[in-house]
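What the coordinates show
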Amino acid sequence: MPSDRSGGEKAPGPLWSEPGTLLEHVRVAVFGIGEDDRICYWGPGAQDLFGHDPAGALSRPAGLLLADPPPGAADAPVSLAERGRTLGYWRGRLRARHREGTVFDCGFRVFPVTGAGGASVVMALASRSDQLDRVKTNLAFLDSLFETCPIGLVMLDEELRYVHLNQALADMDGLPIADHLGRRMDEIMITSDGGEYQRMLRAVAEEGRPVVGALVGVRTPGHPDRDQVRSVSFFPLSGAVGSRPGLGGLLVDVTDREQAITEATAGRRRLALLNRAATTIGTTLDVNVTARELVDAAVPDFADASVVEVVEWMDEPEVFDPERPLITRRIASGTTLPPPATELVSGLEHVTYPPGSAIHRMLATGSVVSVPVDDEFVTRTVLHQDRAQLLRDSGLTCILIAPLIARGTVQGLTMFGRSAARPAFTGQDHGLAGELASRAALCLDNARLYSRVQDIALTLQRALLPSALATSPYAEVAHRYVPGSHITEVGGDWYDVISLPGGRVALVVGDVMGHGVPAAAAMGRLRITAKALSRHNQEPGDLLAELDACAQEAGIELATCLYILYDPATGRARIASAGHPPPLVRHPDGTVETISEVLGVPLGVGGQPFATTETDLAEGAVLALYTDGLIEARGRDIEEGLDAVRAELSSDSGDLEAAADRILASLLPGPPDDDTVLVLARVHRAGS
């Protein structure tokens, strides 16, 4: 039979494929044989296979299509129609003859078909045996390849989703074949190369250029803690055997051969974890927040569970004694493991470790310690049987214990635990745990020292503030002092009520700029000096001038002060201010007045006189003195704050204590950014 290939095209080898559908490569002839054993139907495929046009085939004997039996054959072949009618269905190979006389092996399938009128026709399908053999061989090869090849094989669609893969690749990924199908490759092969692997596959799909032997470091959901190196080769499938566009790929696990790449991949992950820890641990000067940040940095990237514990020292100095039990307070914990691991890490606040425990060994050496969760560790570390059973049932198989040591002081310890689903901790993991612990320990120590200084400053300030204000029949006083939030250092706010001869009363409020111990000490100095000066019968302006000179001598650079001297005999108040927010007066009719005629410069500036102003106060008028912490806040300017105080003060102020609480609740709904003082004083006239 003449070839229909172009003259320059080579004949195929034993295994080959080409574009097109299956029917283009395996010609299938369809024809029918009537009851008289003559051809009654002749399809287009029959003409292609046997060379006869319909006019030359129809009504001719079906034997026209068969060649004479080879020499030596015993009997003449039974006709195709007889085989179909007798057997009902028959398939086999016979020698066929082309119209031009060429003889070739042909595969036949014949079966009878009975029409509605009862007439019977034998239908036959025929194909060249060599074409059938080639396709069957190719399919058998592909089936065998996907079933037995030790190399990972994959077919991806144009969106890089899994269409077909072999068991070798599924085993490599640690996931069943069904869990791959329809998912994108980047969901299974997780890389840390910034998307370079995906860009490479896109280039193969879009540009048609194959990639051979590229090395890629990956992890998979089936092996989340195993770094692999794979040699990957991909080629485009567009148009191959009529398939839809996509990629074909071969993947080989070369992890052992490329251990250096594996270590580099793990190193990049450790470095990335350290970088994240550097930016997320120690964002505040709060011990509990810092501990929580350490746990969040470690779980789940580094460990399945983690706890942070600080040492509860029994006595000062803070020296570790390996012969005594160690008591810790667990301040942060987290785990991705199911119960009872959750109860294990979070169900206990105070923990006691007996002498000889792994924790004692870790603190004695100051080094990271790795221990397996076995009976020896449980027995020597956990005192209570119920807690010991929780540890055994938690799923943890190994624990890394790192000390929290900063500036020579043991802050506590942190533990990282892994389950059997992860590999045991390596030497590199020890180093990473030590780095995380060192970072957290320094932040914890900073927070501890800050808290200690805060406590000292707050204690000093409260000691220097009046423990009990002077009482007078001519002034009812309610006072409040609110320290700043835990993230704000103690300020220098102060106040006083001073009884003077003749029934007079002095009201003083001040604020030293700055925070911490220096501000508290300066505040105490100014308060005591103001109280001493007030007994010398000085005018408010003259008193502030003396106080200013004292501030300059003491090196106090900036402080504000408001001094009010009330005389119940006249009902007059004399007022002087050194840069302090103005006082408010609530008159008996409910109107609120702001006295802002004299502001003055702050104390410590020097060179400026302080004026005194005078105002009449009616019987029952209420004075409001305060510091800027009451009216200043983020997102609110001073005028808004003053308006809010005036609005609250204009309400019924029959009970000054209730009024003070109401004003603070309205203007300070949360912890204030700065210290706040509020003094309310209802004045009375002598003889009233």
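In case you missed it, the structure is sitting above this.
What counts, and where the lines are drawn
- Residues numbered from 1 in each chain as written.
- Predicted model: local features only at pLDDT ≥ 70, side-chain atom pairs only at ≥ 80, totals over all residues.
- Heavy atoms only, no water.
- Helix = DSSP H or I, 4+ residues; strand = E, 2+ residues; numbered from the N terminus.
- Buried < 20%, exposed > 50% of the residue type's maximum accessible area, 1.4 Å probe, protein only.
- Contact = heavy atoms within 4.5 Å.
- Areas by Shrake-Rupley, 256 points an atom, 1.4 Å probe, with all protein chains shown as cover.
- Pairing = 2+ DSSP bridges.
- Axes fitted to C-alpha atoms, helices over the stretch in contact; angles between N-to-C directions.
- Core = buried A, V, L, I, M, F, W, Y, C linked by side-chain atoms within 4.5 Å.
- Phe/Tyr/Trp six-rings, centres within 6.5 Å; stacked < 30°, edge-to-face > 60°.
- Lys NZ or Arg CZ within 6 Å of the ring centre and 35° of its normal.

Focus on the overall build of the chain
Scanning the chain for helices and strands turns up 20 helices and 27 strands. The buried share of the chain, taken over its 688 residues, is 47%. At a minimum sequence separation of 6, the contacts of the chain that also span at least 24 residues come to 61%. Of the accessible surface of the chain, which amounts to about 32600 Å², a share of 54% is contributed by carbon and sulfur atoms.

Some remarks on the sheet that holds strand 19 (residues 492-499)
Spatial ordering of the open sheet is given by 19-20-21-22-25, a layout of five strands whose pairing is antiparallel. Edge positions in the sheet fall to strand 19 and strand 25 (613-616), since each of these pairs with one other strand and no more. Sheet twist, expressed as the average angle between the axes of neighbouring strands with direction ignored, equals 15°. Bridge count for strand 21 (residues 559-567) against strand 22 (residues 572-578) is seven bridges, and the pairing is antiparallel. Across the sheet, residue Leu562 finds its bridge partner in strand 22, namely Ser577. Along the sheet, helix 17 (residues 540-553) contacts strand 21 and strand 22; its crossing angle with strand 22, the most-contacted strand, is approximately 30°.

Some points on the nonpolar core
In this structure, Ile281, Phe302, Val308, Leu404, Phe416 and Leu436 are the most contacted members of the largest nonpolar core, which totals 30 residues. Listed by contribution, the elements that provide at least two residues to this core are helix 9 (259-280), helix 10 (287-298), strand 12 (305-311), strand 13 (326-335), strand 16 (396-406) and helix 15 (427-464). Per element, the largest residue contribution to this core is eight residues, and it comes from helix 15. By size, the runner-up hydrophobic cluster in this structure holds 28 residues, among which are Leu337, Val351, Leu396 and Ile401.

Details of the environment of His580
Following the sequence through the fold, His580 ends up in the loop between strand 22 and strand 23 (584-586). Take His580: its relative accessible area is 2%, and that puts it in the buried class. Measuring from C-alpha to C-alpha, the distance between His580 and Tyr626 comes to 8.9 Å, with 46 residues separating the pair along the chain.

Things to note about the packing of aromatic side chains
What characterises a pair of aromatic rings is the spacing of the ring centres plus the angle enclosed by the ring planes. Applying the stated rule across the entire model yields seven aromatic pairs. Both rings, one in Phe31 and one in Trp42, keep their centres 5.9 Å apart while their planes meet at 40°; by these two values the pair is tilted. In this pair, Phe31 sits in strand 1 (residues 29-33) while Trp42 sits in strand 2 (residues 39-42), placing the two residues eleven residues apart along the sequence. Assigned by exposure class, Phe31 and Trp42 land together as buried. Judged by centre distance (6.1 Å) and plane angle (85°), the rings of Phe31 and Phe50 are edge-to-face. Note that Phe31 is positioned in strand 1 and Phe50 in helix 2 (residues 44-50), a separation of 19 residues in sequence. When sorted by exposure, Phe31 lands in the same class as Phe50, which is buried. Above the face of the Trp90 ring, Arg83 is positioned so that its terminal group lies 4.6 Å from the ring centre. We note Arg418 situated over the ring of Phe302; from NZ or CZ to the ring centre the distance is 5.2 Å.

Note that all results are geometric; they support no functional claim without further evidence.
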